Amino acid sequence: MTHFPVEKIRLDFPILEEKIRNKPLVYLDNAASCQKPNAVIDTISHVYRHDYANVHRGVHTLSVRSTDKFESAREKIRAFINADSTKEIIITKGTTESINLVAQTYGKANLKPGDEILITAMEHHSNIVPWQMLCEQTGAILKVAPINQQGELIVTEFEKLLGDKTRLVAVVHMSNALGTINPVKNIIDLAHSRSIPVLLDGAQAIPHMAVDVQALDCDFYAFSGHKLYGPSGVGILYGKRALLEAMPPYQGGGDMIRKVTFEETEYNSLPYKFEAGTPSIADVIGLGAAIEYLNDIGMDAIAAYEAELLNYATEKAKQIKGLRIIGEAAEKGAILSFVLDRIHPHDIGTMLDSLGVAIRAGHHCAMPVMDFYEVPATARASFAMYNTQQEIDVLMNGIESLIEVFG
Amino acid sequence: MFDDLRDLYQEVIFDHNRNPRNFRVMDNADRKVEGFNPLCGDRLTLYLKMSGDVIEDASFQGSGCAISTASVSLMTEIIKGKTEAEAEALFKTFHEMTTGKDEAIQLEAVGKLAVLAGVREYPARVKCATLAWHTLDAALKNEQKSISTE
Ligand SMILES: Cc1ncc(COP(=O)(O)O)c(C=O)c1O
C-alpha cells in the first residue's frame, strides 16, 4: 500500500468510534451516504453559534457575515469542480433536485413530441423518473442504451441511439449499483459532435475522483453534499452559463427575483434565478468545509487509496465460494455489489449488522439493473477513504461465517 | 459468531428456508394472490383451495429472504383446515406479536409461529415476516390482485 494517512483521517470522523451491537462500527454503506468529519460538524455548529442569519437580505452585520460565508462556500464548490464561474453553481437540495430542475426547465422549454432523451440501463431512479415525467408532459421519448454482463455501457449501441431526434443525454458518471465508471469524456464527445448537450449524474463519482467540468466539457453536472462528506439537504447543479441564462426559472419565490409587481416579475441573475427561497445556509457552508477538508487530503490520493481497497476486497470476495460479484467493469469505483447462493441480501445485511458491519441490501434505487441481472436485490459494500483493509477482513470473515450458518 | 441473532434466526427458520413446505404451484386453486415487498424485492404467489369457508389447501411460490420464506412456509402449514375467521384471527395475533404492540401476547396462541417473534427487535425486518400474512389477508378478502407491503 502506498502511504495514505488513513489512521489520522479516521480520527477526524467521530462516529467511527461508535459501537454497534457491542462491536466496533465497520461502516461500508458510503454510497448511500458517508460520514462527516469534525471539520464539517464544527463548522455547522459554529455557524449557528456565531454567524447565523438569513442570506442576501439584511444590511445588518450578521446577515452580511452569513452571506459572505455562504458565497465563499459557493466559490469553494466552483473551484472543486473547476467551473468557470460561481454563476454556474446552483445550490439545490441534492442530486435528485438538480436533475429535476434541468428536466423541468431546460427539458420543458426544449422538448417537443417525438424528441428523444437518451439515458443508460444503469441509471439510478433519480436519473430515470424525472425524464419519464418530462416525457409524459412533452410527448418526448426516453431511450435507454444497454449495458453488457460486466456492467459496462455498450458504447457502440449508445452511439447508434444518438439520432436526429436526440435532444439530451443524461448519464451516470459512476453507477451506485455496480460501481462502473462510465467513459464520460467519450460519451460527451460523441453527443457534442451532434450538438446534443449532456447531463452527468455525479452523485457517486464526486467523492471518489477529481472532477473537472471544463475538461469534461459536460453541460450539466449534478451531485449531493451528503455523499461528499458534507451535510444532507444540500446539493449542486453545475450548468454551462449560456444554457442556464437561456433556461426559464425553476421555482418562484424570494431570492430568485429582481423586481416584482403584480403585473410583471423580473428574474434575478445567475445563480439566484434558480434558487428560490431560503437555502440550507449552514449546510452549504458545511459543504464548503467538507471540500476544504478533501482538498487537504487530495482527490487523487483518495482515488489511489480507494482503488487499492477495492482491489483487496475484490480479490478476497473472489475466493469465497458461492459469492457472485455484480458489476465487474474494467473501470470501477469503490463499490462491491454481490449476491450469495441461496442467501437473500436482506439476511446478509442483518447478519453482518450483528457484527457491526453496515452494508446496504436492496435494489439500490436501480430496479432495472436488478432486472438485468435477474436478482431481486444485491448486497453492497461501498468504501470511503476512511475504510481499511482490516475492515474488509471483518466483512469477508463475516460473509464466510454466515454462509456456514445458513448451511 | 452470530449469537446476538439467535432469537431472530432460530433453527426452525433455517430449516423452512432450506426446505420450504407447500412450495408448489396449485393448478386448481380458488384464490391466487401475489405479494410484493418493494423494499427488498421479495415476491410471492399464494394459492388457496377453499371448501366453503375452510382453507382446504395452501401453497406458494416465489423468492425472498429467510424470514419471509420461513414465514410463508409456516403459514401455509398452519392455516390448512382453518376457517377464514380463524385465519384472520391468527393474522391479527401474529401481527401484534411481530410489531410488539402487545407485550403480553400469548405465544401459545400462535403455536409454531412463535419462532418469528424475534423480528419484533428488528423493525427493518418486520415486513419480511408479515408479507405472507398481508397476502393471505388479501386472498381471504378475495382481492385477486397483487398486494404490496408499502
Ligand atoms: C448515482 C446516483 N444518482 C442519484 C442519487 C440521488 O441522490 P440524492 O438522494 O442525494 O438526491 C444517488 C443517491 O443514492 C445516486 O447514487
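From a predicted model like this one, the values you see are computed outputs, not experimental measurements.

Observations concerning the sheet that holds strand 6 (residues 141-145) of chain A
Residue and element names in this part refer to chain A. Spatially, 4-10-9-8-7-5-6 is the arrangement adopted by the seven strands of the open sheet, whose pairing is mixed. Pairing within the sheet leaves two strands with one partner each, and these edge strands are strand 4 (89-92) and strand 6. Recorded for the sheet is a direction-independent mean angle of 20° between the axes of neighbouring strands. Sheet analysis places strand 8 (residues 198-201) next to strand 9 (residues 220-224), joined by three bridges and oriented parallel. Opposite leucine 199, over in strand 9, you have phenylalanine 220 as the bridge partner. Seen against the sheet, helix 3 (residues 61-80) touches strand 4, strand 9 and strand 10 (235-239) and runs at an angle of roughly 115° to strand 4.

So, the packing of aromatic side chains
Going through the model one piece at a time under the given rule, you end up with 15 aromatic pairs over all chains. Taking the centre distance of 6.0 Å and the plane angle of 75° together, the rings of phenylalanine 13 of chain A and tyrosine 293 of chain A count as edge-to-face. Taken together, the positions of phenylalanine 13 of chain A in the loop between helix 1 (6-11) and strand 1 (19-20) and tyrosine 293 of chain A in helix 10 (residues 281-297) put the pair 280 residues apart, joining distant regions of the chain. For phenylalanine 13 of chain A, a relative accessible area of 1% gives the class buried. Where phenylalanine 23 of chain B meets phenylalanine 60 of chain B, the ring centres are 5.2 Å apart and the plane angle is 70°; that geometry is what we call edge-to-face. Of the two residues, phenylalanine 23 of chain B sits in the loop between helix 1 (11-18) and strand 1 (31-37) while phenylalanine 60 of chain B sits in strand 3 (residues 54-63), which places them 37 residues apart along the sequence. Through pairs of rings, three or more aromatic residues link up here, namely Phe13, Tyr229, Tyr293 and Tyr386 of chain A. Taking NZ or CZ as reference, arginine 43 of chain B lies 4.2 Å from the ring centre of phenylalanine 36 of chain B, over its face.

Quick notes on the site of the ligand
All names here are of chain A. Near the ligand, the surroundings consist of Thr95, Thr96, His124, Ser126, Val172, Asn176, Asp201, Ala203, Gln204, Ser224, His226 and Lys227. Within the contact set of the ligand, a nitrogen atom lies 2.5 Å away from a side-chain nitrogen or oxygen of aspartate 201. Contacts to the ligand include serine 224, whose side-chain N or O atom sits 2.6 Å from an oxygen atom. Within the complex, 84% of the 400 Å² of free accessible area of the ligand lies under protein. The class makeup of the residues in the shell around the ligand is two nonpolar, eight polar and two charged.

A look at the packing of helix 1 of chain B against helix 2 (residues 66-79) of chain B
Residue and element names in this part refer to chain B. Relative to each other, helix 1 and helix 2 sit at 85°, their axes nearing to 8 Å. Our classification of the angle between helix 1 and helix 2 gives roughly perpendicular. Listed contacts from helix 2 to Ile13, His16 and Asn17 of helix 1 are Ala66, Ile67, Thr69, Ala70, Ser73, Leu74 and Glu77. For the contact of helix 1 with helix 2, a count of residues per class yields five nonpolar, four polar and one charged.

Here we look at the pattern of salt bridges
Summed over all chains, the structure comprises 31 salt bridges over all chains. In this structure, aspartate 51 of chain A engages lysine 69 of chain A in a salt bridge whose closest nitrogen and oxygen atoms are separated by 3.2 Å. Taken together, the residues span a long stretch of sequence, with aspartate 51 of chain A in helix 2 (residues 38-51) and lysine 69 of chain A in helix 3 at a distance of 18 residues. Within this structure, Asp15, Arg21, Glu77 and Lys112 of chain B form a network of salt bridges that share partners.

Brief notes about the sheet that holds strand 13 (residues 323-326) of chain A
Residues and elements named next belong to chain A. One open sheet holds the four strands; their spatial order is 13-14-17-16, and the pairing between them is antiparallel. Unpaired on one side and paired on the other, strand 13 and strand 16 (360-362) mark the two borders of the sheet. Each adjacent strand pair in this sheet contributes to an overall mean axis angle of 30°, direction not counted. Bridge analysis of strand 13 against strand 14 (residues 335-340) gives four bridges, and the strand direction is antiparallel. In the strand pairing of strand 14, isoleucine 326 is matched with serine 337. Sheet strands in contact with helix 14 (residues 389-406) are strand 13, strand 14 and strand 17 (378-382), and its direction is about 10° off that of strand 14.

Side note on the layout of surface pockets
Taken as a whole, the largest pocket spans an internal volume of roughly 630 Å³. Lining of the largest pocket is provided by 33 residues; of these, Leu340, Asp341, Arg342, Ile343 and His344 of chain A occupy positions nearest its centre. Of all the elements in the fold, those that place two or more residues in the lining of the largest pocket are strand 13, strand 14, helix 12 (345-353) and helix 14 of chain A together with helix 1, strand 2 (42-51), strand 3 and helix 2 of chain B. Among the residues forming the lining of the largest pocket, the class breakdown is 17 nonpolar, nine polar and seven charged.

Points about the environment of isoleucine 154 of chain A
All names here are of chain A. Within the secondary structure layout, isoleucine 154 lies in the loop between strand 6 and helix 6 (155-161). Along the sequence, isoleucine 154 and leucine 111 sit 43 residues apart, while their C-alpha atoms lie 26 Å from each other. Residues contacting isoleucine 154, with those up to four places away along its chain left out, are Pro146, Ile147 and Asn148.

A few points about the side chain of aspartate 51 of chain A
Aspartate 51 of chain A sits in the buried class, given a relative accessible area of 4%. Excluding its chain neighbours within four sequence positions, the residues that come into contact with aspartate 51 of chain A are His46, Leu62, Arg65, Ser66 and Lys69 of chain A.

Section: the interface of chain B and chain A
Interface size is commonly expressed as the accessible surface area that is lost when the partners come together. Across the boundary between the two partners, chain B contributes 20 residues, which contact 22 residues of chain A. Note on chain B versus chain A: buried area summed over both sides is about 1800 Å², and carbon and sulfur give 63% of it. Joining chain B to chain A, the criterion identifies two salt bridges. Put simply, arginine 125 of chain B and aspartate 347 of chain A hold a salt bridge, and the shortest N to O gap is 2.9 Å. Linking chain B with chain A are seven residue pairs in polar contact (both at pLDDT 80 or more). Looking at the side of chain B that touches chain A, the elements that each hand over two or more residues are helix 1 and helix 2 of chain B.

Details of helix 2 of chain A
Over its 14 residues, helix 2 of chain A runs 18 Å from end to end, which matches the ideal 20 Å to within 8%, given 1.5 Å per residue. The secondary structure elements touched by the buried residues of helix 2 of chain A are helix 3 and helix 10 of chain A.

Side note on the pairing of strand 6 of chain A
Residue and element names in this part refer to chain A. Note that strand 5 (residues 116-120) and strand 6 share five bridges and pair parallel. Pairing of isoleucine 117 across the sheet is with leucine 142, part of strand 6. Read as a crossover between parallel neighbours, the route from strand 5 over helix 5 (residues 129-138) to strand 6 is right-handed.

Procedures and definitions
- Residues numbered from 1 in each chain as written.
- Chains lettered and ligands numbered in written order.
- Predicted model: local features only at pLDDT ≥ 70, side-chain atom pairs only at ≥ 80, totals over all residues.
- Heavy atoms only, no water.
- Pairing = 2+ DSSP bridges.
- Helix = DSSP H or I, 4+ residues; strand = E, 2+ residues; numbered from the N terminus.
- Axes fitted to C-alpha atoms, helices over the stretch in contact; angles between N-to-C directions.
- Contact = heavy atoms within 4.5 Å.
- Phe/Tyr/Trp six-rings, centres within 6.5 Å; stacked < 30°, edge-to-face > 60°.
- Buried < 20%, exposed > 50% of the residue type's maximum accessible area, 1.4 Å probe, protein only.
- Lys NZ or Arg CZ within 6 Å of the ring centre and 35° of its normal.
- Near = heavy atom within 4 Å.
- Polar contact = N/O pair within 3.5 Å; in protein donor to acceptor, adjacent residues only side chain to side chain.
- Areas by Shrake-Rupley, 256 points an atom, 1.4 Å probe, with all protein chains shown as cover.
- Nonpolar A, V, L, I, M, F, W, Y, C, P; charged D, E, K, R; others polar.
- Parallel < 35°, antiparallel > 145°, perpendicular 65-115°, else oblique.
- Salt bridge = Lys/Arg side-chain N within 4 Å of Asp/Glu carboxyl O.
- 1 Å grid on protein atoms, 1.4 Å probe; cavity = no way out; pocket = protein on both sides within 12 Å on 5 of 7 lines; lining within 4 Å.
- Points joined across faces, edges and corners; volume = space filled by probe spheres on them.
- Buried area = accessible area lost by both parts, 1.4 Å probe.
- Expected span 1.5 Å × (residues − 1).
- Right-handed = clockwise from strand over helix to strand, strands pointing away.

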